[in-house]
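# Tertiary structure, described
Chain residues, written in single-letter form:
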Amino acid sequence: MKKIAMSAALLACGLSMAACSTLRGAAIGGAGGAGVAAVTGNDVGKGAAVGGTAGAVVGTVVD
């Protein structure tokens, strides 16, 4: 259940970042991933890393 919640939150963060650059996307994604990890009881560092990577990819594709 935690993985599904994290995936959904990362997807929502990524989709809400329309017209973001790569660095801005990574920052927003990292913050979102860390927040989701903290709420779900997962490792905050790993959540930030996953969120940052996803945000950077979305920022690159959208930009």
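Look a little higher up for the structure.
The notes below deal with the structure included here. (Residues numbered from 1 in each chain as written. Predicted model: local features only at pLDDT ≥ 70, side-chain atom pairs only at ≥ 80, totals over all residues. Heavy atoms only, no water.)

## Some thoughts on the overall build of the chain
When its secondary structure is counted, the chain shows 3 helices and 0 strands. The helix and strand sequence of the chain, counted from the amino end, reads α-α-α. By residue count, 32% of the 63 residues in the chain fall in the buried class. Restricting the contact set of the chain to residue pairs at least 6 apart, pairs at least 24 apart contribute 59%. Working note: accessible area of the chain is about 3700 Å², and carbon and sulfur atoms make up 72% of it. (Helix = DSSP H or I, 4+ residues; strand = E, 2+ residues; numbered from the N terminus. Buried < 20%, exposed > 50% of the residue type's maximum accessible area, 1.4 Å probe, protein only. Contact = heavy atoms within 4.5 Å. Areas by Shrake-Rupley, 256 points an atom, 1.4 Å probe, with all protein chains shown as cover.)

## Quick look at the environment of Gly32
Locating Gly32 in the fold gives a position in helix α2 (residues 22-40). Taking the C-alpha atoms as reference points, Gly32 and Val50, 18 residues apart in sequence, are found 9.7 Å from one another.

## Here we look at the environment of Val61
Position of Val61 relative to the elements: it lies in helix α3 (residues 44-62). For the pair Val61 and Ser21, spaced 40 residues apart in the sequence, the C-alpha separation amounts to 9.0 Å.

## Section: the side chain of Thr40
Turning to its location among the elements, Thr40 is positioned in helix α2. A polar atom in the side chain of Thr40 sits 3.1 Å from the side chain of Asn42. (Polar contact = N/O pair within 3.5 Å; in protein donor to acceptor, adjacent residues only side chain to side chain.)

## Focus: α2
An ideal rise of 1.5 Å per residue puts 27 Å on 19 residues; α2 measures up with 26 Å between its terminal C-alpha atoms. Of all the residues in α2, the buried ones are Gly25, Gly29, Gly30, Gly32, Gly33, Ala34, Val36, Ala37 and Thr40. Downstream of α2 by one or two residues, Gly41 has phi in the positive range, about 85°. (Expected span 1.5 Å × (residues − 1).)

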